[in-house]
Amino acid sequence: MGIHHSIYYYHKNNKTNKYKENNKELDRQIMEIYTESKRRYGSPKIKKVLENNGIMVSQKRVARRMKKLGIRSIVMKKYNYAGNKKVDDTNKPNLLTQDFKATKPKEKWVGDITYIYTKEVGWTYLAIVMDLYDLKIIGYAYGKHMTANLVIQALNNAICNRGIEEGMIFHSDLGSQYTSNDYEELLKTLKIKHSYSKKGYPYDNASMESFNAILKKEEVNQRSYVTFEEVRLAIFEFIESWYNNKRIHSSLGYITPNEKERLYYEKTA
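Residues numbered from 1 in each chain as written. Predicted model: local features only at pLDDT ≥ 70, side-chain atom pairs only at ≥ 80, totals over all residues. Heavy atoms only, no water.

**Regarding the sheet that holds strand S4 (residues 169-172)**
Step number 1: In spatial order, the strands read S3-S2-S1-S4-S5; together these 5 strands make up an open sheet with mixed pairing. Of all the strands in the sheet, just strand S3 (136-143) and strand S5 (193-196) have a single pairing partner and so form its edges. The mean angle between the axes of side-by-side strands here comes to 25 degrees, regardless of whether they run parallel or antiparallel.
Step number 2: As paired elements, strand S1 (residues 108-118) and S4 share 3 bridges and run parallel to each other. Bridge pairing in S4 places Trp-109 opposite Phe-170.
Step number 3: Taken strand by strand, helix H4 (residues 148-162) contacts S1, strand S2 (122-131), S3 and S4, and its axis lies near 145 degrees from that of S3.
Step number 4: Lying on the sheet, helix H5 (residues 181-190) is in contact with S4 and S5; it crosses S5 at an angle near 135 degrees. (Pairing = 2+ DSSP bridges. Helix = DSSP H or I, 4+ residues; strand = E, 2+ residues; numbered from the N terminus. Axes fitted to C-alpha atoms, helices over the stretch in contact; angles between N-to-C directions. Contact = heavy atoms within 4.5 Å.)

**Overview of the pattern of salt bridges**
Step number 1: Scanning the entire structure with this criterion turns up 17 salt bridges.
Step number 2: With a closest N to O distance of 3.2 Å, Glu-32 and Arg-28 form a salt bridge. Pair noted here: Glu-32 and Arg-28 are both in helix H1 (residues 5-36), with a separation of 4 residues, about one helical turn.
Step number 3: Classification of Glu-32 as partly exposed rests on a relative accessible area of 47%. (Salt bridge = Lys/Arg side-chain N within 4 Å of Asp/Glu carboxyl O. Buried < 20%, exposed > 50% of the residue type's maximum accessible area, 1.4 Å probe, protein only.)

**Brief notes about H5**
Step number 1: Every buried residue belonging to H5 is among Tyr-183, Glu-184 and Leu-187, and all of these are buried. Here the buried residues of H5 occupy an arc of 95 degrees about the axis, which is enough to place them on one side. Opposite the buried face of H5, at more than 90 degrees from it, the exposed residues are Asn-181, Asp-182, Lys-188 and Thr-189.
Step number 2: Of the surrounding secondary structure, the elements contacted by the buried residues of H5 are H4, S4 and S5. (Arc of directions from axis to C-beta.)

**Considering the side chain of Lys-45**
Step number 1: Here Lys-45 lies in helix H2 (residues 43-52).
Step number 2: No salt bridge is formed by the buried Lys-45. Its closest oppositely charged neighbour is Glu-218, at 6.1 Å.
Step number 3: Once residues within four sequence positions are removed from consideration, Lys-45 is found in contact with Arg-247, Ile-248 and Tyr-254. (Lys, Arg positive; Asp, Glu negative; His and termini not counted.)

**Some remarks on the packing of aromatic side chains**
Step number 1: Overall, the coordinates contain 14 aromatic pairs when judged by the stated rule.
Step number 2: With a centroid separation of 5.4 Å and 50 degrees between ring planes, the pair formed by Tyr-41 and Trp-242 is classed as tilted. Of the two residues, Tyr-41 is situated in the loop between H1 and H2 and Trp-242 in helix H7 (residues 228-243); the sequence distance between them amounts to 201 residues. Trp-242 shares its class with Tyr-41; the two are buried. (Phe/Tyr/Trp six-rings, centres within 6.5 Å; stacked < 30°, edge-to-face > 60°.)

**Some points on the nonpolar core**
Step number 1: By size, the foremost hydrophobic cluster in this structure holds 44 residues, and its most contacted members are Ile-46, Met-130, Phe-211 and Tyr-243.
Step number 2: Not counting residues within four places of it along the chain, the set of residues in contact with Phe-211 comprises Ile-128, Met-130, Ile-137, Phe-238, Ile-239 and Tyr-243.
Step number 3: Val-129, Ile-138, Ile-152 and Ile-192 belong to the second-largest nonpolar core, a separate cluster that totals 20 residues. (Core = buried A, V, L, I, M, F, W, Y, C linked by side-chain atoms within 4.5 Å.)

Following this line, the structure appears as structure tokens:
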């Protein structure tokens, strides 16, 4: 082609160096996002954050760079605990019927209790309420005993934070806390329809099960808690600072629950 070989090698070497520099900068940003997420993000979410920062890159490349850096998202661990006792499911319909989409806030809420172990007091219990519109945890209560009062407190906190609408649905399992007279009467007084999962069928409350898995995978199973108060602070940080405020969700179009909520009220203002 009439080009001197030195010119060819000059451009070839410069191109290679530029590619290496790009990878060096990409690695830096990947590590920054990964560290900020407390090792919770894998390549799909890191790719999305990079795109939000104006960096267009494929997921495969992010995965390759993560492998080279020796990092990966937290791996889920199994955690076993006792299930519900036998309950009467007469006149306890499933109104949700696995339709986990909501068109607005205060249309469909789901609740559950999950178990967290501490060296100080043994098992402790976290009752949670989620709004299916934005997957936001709008109410929760943490205690040493799994009682009806615990789930009532979580519901009251959700009502205080978001408010309610007559005829909305609250879905739960058939646990004795949710089927207690106190809880059922509270829902009736508030004119909230109670929907129930079939016993031993977690798919009926899949969104809540998904949150429990995220909580265990990204927080609880990564630590060994000593005291009750240590867990209380960790739950507050995880829900308020991380899950609701920073964690992007693929099912929400890679935005956070708080962003989903904000966009709704901006659109309807």
